[in-house]
Amino acid sequence: MAAANTAAAGTATAAPAPAAPAAPVQVPRGQVDLVDFIDWTGVECLNQDPSHSIVNALKQTLRDDEGLHLASDSDEQLLIYIPFMQVVKLHSALFKGPEEDGEICNSCNASCVITGPKTVKLFSNKEHMGFSNVNDYPPSDTLDLSADHLVENKPATLKYVKFQNVRSLTIFIEDNQSGSDVTKIHKIALYGTT
């Protein structure tokens, strides 16, 4: 079972110089980035590497820095809790994973390994979830992300009817693209309306 490292959103860790900027995000029409509506005092991430915390992937200025990322600690799973300051309607979510030296990647034909998330389960308004009970509840939606999806900077559309009155979002990263023990995420962005 994954370790339970819980940390409220705080300061980011030091990182190498930023890489070249990524392609611009294709924000869905009529939707906004919900980062300004997150209640940062309540954000938590279980099983995060303390030196690569959730703020690196979620906070606006940090998540665009290719040198920073969120990483899992004892295994590939992550459990992220994001409360909002007001009720939101969630339309789509973007997950961007890093490419690392290794195997050949389909999207860039270069030698890389994608350690970004593969199976992502989203739960609307489910508080106090842990690794011991995350499978006791049906997810509001499940995303099966491809390696190409993680490098294209393109949000995945959610089952909009399931995310109409969202006070909090719990994200369960079940596994990753490469099957390795560490999941890395450069960016998590949530799009919708208030």
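Residues numbered from 1 in each chain as written. Predicted model: local features only at pLDDT ≥ 70, side-chain atom pairs only at ≥ 80, totals over all residues. Heavy atoms only, no water.

Under an unreviewed UniProt entry, the name given to the protein chain is PITH domain-containing protein, and the source organism is Digitaria exilis. Under the UniProt heading Sequence similarities (unreviewed entry), the entry covering the protein chain gives this text: "Belongs to the PITHD1 family." (UniProt positions renumbered as here; feature names shortened; annotations may be inferred.)

Caption draft 1: Structural context of the nonpolar core. Counting 32 residues, the largest nonpolar core has Phe84, Phe95, Ile171 and Ile188 as its most contacted members. Looking at this core, the elements that each hand over two or more residues are helix H1 (55–58), strand S4 (78–96), strand S7 (119–124), strand S10 (166–173) and strand S12 (187–193). The element that contributes the greatest number of residues to this core is S4, accounting for eight residues. Excluding anything up to four places from it in sequence, isoleucine 188 contacts Ile54, Ala57, Leu58, Arg63, Ile80, Leu94, Phe95 and Ile171. Core analysis: the second largest hydrophobic core is formed by seven residues, Leu46, Phe123, Val134 and Phe172 among them. (Core = buried A, V, L, I, M, F, W, Y, C linked by side-chain atoms within 4.5 Å. Buried < 20%, exposed > 50% of the residue type's maximum accessible area, 1.4 Å probe, protein only. Helix = DSSP H or I, 4+ residues; strand = E, 2+ residues; numbered from the N terminus. Contact = heavy atoms within 4.5 Å.)

Caption draft 2: Just the pattern of salt bridges, in detail. Counted according to the given criterion, the structure contains four salt bridges. Measuring nitrogen to oxygen at the nearest pair gives 2.1 Å for the salt bridge that ties arginine 63 to aspartate 33. Separated by 30 residues along the polypeptide, arginine 63 in helix H2 (residues 60–63) and aspartate 33 in strand S1 (residues 32–33) bring together distant segments of the chain. Measuring nitrogen to oxygen at the nearest pair gives 3.1 Å for the salt bridge that ties lysine 187 to aspartate 64. With lysine 187 in strand S12 and aspartate 64 in the loop between H2 and strand S3 (70–71), this residue pair connects regions lying 123 residues apart in the sequence. For aspartate 64, a relative accessible area of 46% gives the class partly exposed. (Salt bridge = Lys/Arg side-chain N within 4 Å of Asp/Glu carboxyl O.)

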